[in-house]
Amino acid sequence: MAFDKMELRDIEVWDGNFAAAQALRQCQIDVVAAYPITPSTPIVEGYAKFEADNFVEGQYVMVESEHAAMSACIGASAAGGRVATATSSQGFALMVETLYQSSGMRLPIILNVVNRALAAPLNVNGDHSDMYLGRDSGWIQLDAYCPQDAYDLNFIAFKIAEDHDVRLPCMIHQDGFMTSHTAQGVKTLTDDEGYNFVGDFQPMNDMLDLDHPVSHGVQTEEDWHFEHKARQHNDLMTKVFPKVQNAFDAFEKLSGRKYNIVEKYDMDDADVAVVCMGTSVETAREVATEMRAKGIKAGVVGIRLIRPFPFMQIKEALEGVKAIATLDRSAPGGAPGMLFNEMAGALFNSDTRAALSGYVYGLGGRDLTKKHLVDLYTELQANADAGKVLTPLQQFIGVRGPKLSYL
Amino acid sequence: MSEIKKIKNLKDFSTSADRFEGANLLCPGCAHSIIVREVLNATNDDLVLSAATGCLEVCTAVYPYTSWDSSWIHIGFENGSTAVAGAEAMHKALKAKGRLKQDRDPKFVSFAGDGASYDIGFQWISGCFERGHNMMHVVLDNEVYANTGGQRSSATPIGGSNTTTPAGTHSYGEKRNKKDMMQIMAAHGSPYVAQVAPNKWKNMVKAIQHGLAAEGPTFLNAMSACTTEWKFAPEDTIAVSDLATDSLVFPLYEIIDGKELNITYRPKNIVPVEEYLAAQGRFKHLFKDQYKHMIQEWQDRIDGNWEYLQRREEAKV
């Protein structure tokens, strides 16, 4: 090996960005093609410094835009090797065309998305607008709630995406600034443990197998396009869940850290539940515990696997709950909100007849406070007691001016 | 460096083992396939190729068929150059790590139309050249968005009638001169850029081999006469191409290391530009009294450009 290994302490103080950069280093990426954008920039800066100090051996290609970053990742991945990059927000939006191309070409690229609002108005802070923009792109989407998750989920992502039964690209999301720039204790793997978990890259249909030429990215019109798209969706819906579970199980065996497709907190006997993602999950858990002390049977459901969406696991997690609130951190643009819609979809044909209400919060980095969640759980308990939604179906949390609510 | 293939004569050249099959959907008389075959047959090296969205791509890789017997990728309209750059980076990485399946160094070549090079893919090509990837970008320059039915690009010449700049009672068609991509790419410091035409095949082979042998990103602007959009009979592709090169509308020259300009083809008998224009339906309206002044404008501009190229060559700068 021409590169140097790094000695890590068992617990390092890392923010989410540096945790992701360290995971990429340990996974020994062959090609990173990237373009910097706030708040994900420190991931590629961190990786660049690793390269400068001989801690990585692959090619690091600093391209001229996010679209080019994913384009180069596609070319590199099709050539046959381990590929990763990172982006946020506007850069993610610029990448969207290539997101569909990479998933359609079945290339296991790993993309760290440090979630940030979408302009206009321009805003550099964290919300889930970019994450939502990618949700129909055919990628697997994993959500980190803290720097530890951002580190761990990178290893897990390679394990899932590069599996020859899957061969789909995977995003790891973390909240801009709240996770990406907030340093916490992160339990580490040694370089050998981390690399051995993901294993050597196994090429398939690789362009650099010069004795076996392949054509990537061909044309299909009405005669074949539908079959390709439908079968790819079928793989997402049937093959990915068990592979994700296997990867979570294997990672638990290695690290002792347990991840679940749906992260349930105090849900066994919960009457009221909040469904949310990102850093809000930890806040909601803390408030749920406090509500329990006040006699409200509160629980939290965190979505870990956003795509493919875990309808069955959600249905199971929310069974018997009387009132549910979905927390969407993205302007819904004339609809009830993604999580609200998915929850309604998961529960409509079930026996759980919960009062379902939707909340939009935290746009452009606006804080979600414990007080907000105390009020929300109180509203949920009232809904549970009444057996119906007493508030409007869609409300905004923490927005100044007139109280906005609909439906 | 790999050995440069020896090509003795046209028969020898044209009967090389095809890595681009004749079984494709390109129009009869399309110059794209001639150019592609000339590029592929000019070398014995392994090839990793890309095509931007466009005529070449939609006509050569329609599932479940492919015309390509070399590694090939298409992503989108604008990013074919970057696709090949990504593959080239992966080759470097795997070579350094000792993981290449075959210990051979392929050539990396991206093909793209003028729209995918001069317009929508411009930034991506510029990025690839600035970063110095070891690759060749070949423009199949038919001066129009041919795949979608003849819309103007920034390679479309003045006075041409196209669907988005049609000639009419008050317009002679396209109003702007063609973008000078040769100078732009040379200004990137490329070791080799050349303007080539498939009818001058020996000249073209030399340029291809020079470009493939150079270290770093090289650029060929290949004239691709378009029977469909230039509006001439399919059997006249080479004749129209000859008019283009012999009238100096499409002068053949190279620029080495961003500076040294050499004219690589000097017609024995220079043909009036009018003959080139008259051979194509896209310029038909220029022969009406109303627009006839454009023909002299064309001749003056081409003369001026030829004068400029000769001065650049003499000055060696």
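To be clear, the structure that these remarks concern was listed above.
Everything quoted here is computed from the prediction, not taken from an experiment. (Residues numbered from 1 in each chain as written. Chains lettered and ligands numbered in written order. Predicted model: local features only at pLDDT ≥ 70, side-chain atom pairs only at ≥ 80, totals over all residues. Heavy atoms only, no water.)

Turning to the side chain of A:Arg329, a few remarks are in order. With respect to the helices and strands, the residue A:Arg329 is situated in the loop between β14 (323-328) and α12 (338-347). Within the local environment of A:Arg329, its side chain forms a polar contact with the backbone oxygen of A:Gly362, the two atoms lying 2.9 Å apart. (Helix = DSSP H or I, 4+ residues; strand = E, 2+ residues; numbered from the N terminus. Polar contact = N/O pair within 3.5 Å; in protein donor to acceptor, adjacent residues only side chain to side chain.)

With 47 residues of chain A at the interface, the matching set in chain B holds 44 residues. Of all residues in chain A, A:Leu208, A:Leu210 and A:Gln219 give up the largest surface area on contact with chain B, accounting jointly for 19% of the area buried on that side. The interface formed by chain A and chain B holds six salt bridges in total. Between B:Lys97 and A:Asp30 there is a salt bridge, with its nearest N and O atoms 2.8 Å apart. Our count for the contact surface shared by chain A and chain B stands at 22 residue pairs in polar contact (both at pLDDT 80 or more). Contributions of two or more residues to the side of chain A that touches chain B are made by β3 (59-62), α3 (66-79), α4 (89-104) and β9 (215-216) of chain A. Top element by residues in the side of chain A that touches chain B is α3(A). It accounts for nine residues. Residue classes in the side of chain A that touches chain B are distributed as 22 nonpolar, 17 polar and eight charged. Sheet topology places β9(A) next to strand β2 (residues 71-73) of chain B; two bridges connect them, and they run parallel. Counterpart to A:His216 in the pairing with β2(B) is B:Ile73. (Contact = heavy atoms within 4.5 Å. Buried area = accessible area lost by both parts, 1.4 Å probe. Salt bridge = Lys/Arg side-chain N within 4 Å of Asp/Glu carboxyl O. Nonpolar A, V, L, I, M, F, W, Y, C, P; charged D, E, K, R; others polar. Pairing = 2+ DSSP bridges.)

Okay, the environment of A:Val198 next. Residues and elements named next belong to chain A. Along the polypeptide, Val198 turns up in helix α7 (residues 191-198). Take Val198: its relative accessible area is 10%, and that puts it in the buried class. Here the alpha-carbon distance between Val198 and Thr220, two residues 22 residues apart in the chain, equals 33 Å. (Buried < 20%, exposed > 50% of the residue type's maximum accessible area, 1.4 Å probe, protein only.)

Residues and elements named next belong to chain A. Spatially, the seven strands line up as an open sheet ordered β10-β12-β11-β14-β15-β16-β17, and their pairing is mixed. The open sheet has two edge strands, β10 (262-265) and β17 (405-406), and neither has a second partner. The pairing of β10 with strand β12 (residues 298-303) spans four bridges and is antiparallel. Paired with Tyr265 across the bridge in β12 is Val300.

What follows is about the state of the cysteines. The final tally for this structure, using the stated rule, is zero disulfides over all chains. Free cysteine: A:Cys73, not disulfide-bonded; nearest cysteine sulfur from B:Cys128 at 13 Å. Using a relative accessible area of 0% as the deciding quantity, one classes A:Cys73 as buried. (Disulfide = S-S within 2.5 Å.)

Residues and elements named next belong to chain A. Considering the arrangement of structural elements, one finds Val244 in helix α9 (residues 240-255). With 85 residues separating them along the chain, Val244 and Lys159 place their C-alpha atoms 8.6 Å apart. Those residues in contact with Val244 that lie beyond four places of it in its chain are Ile160, Ile261 and Leu305.

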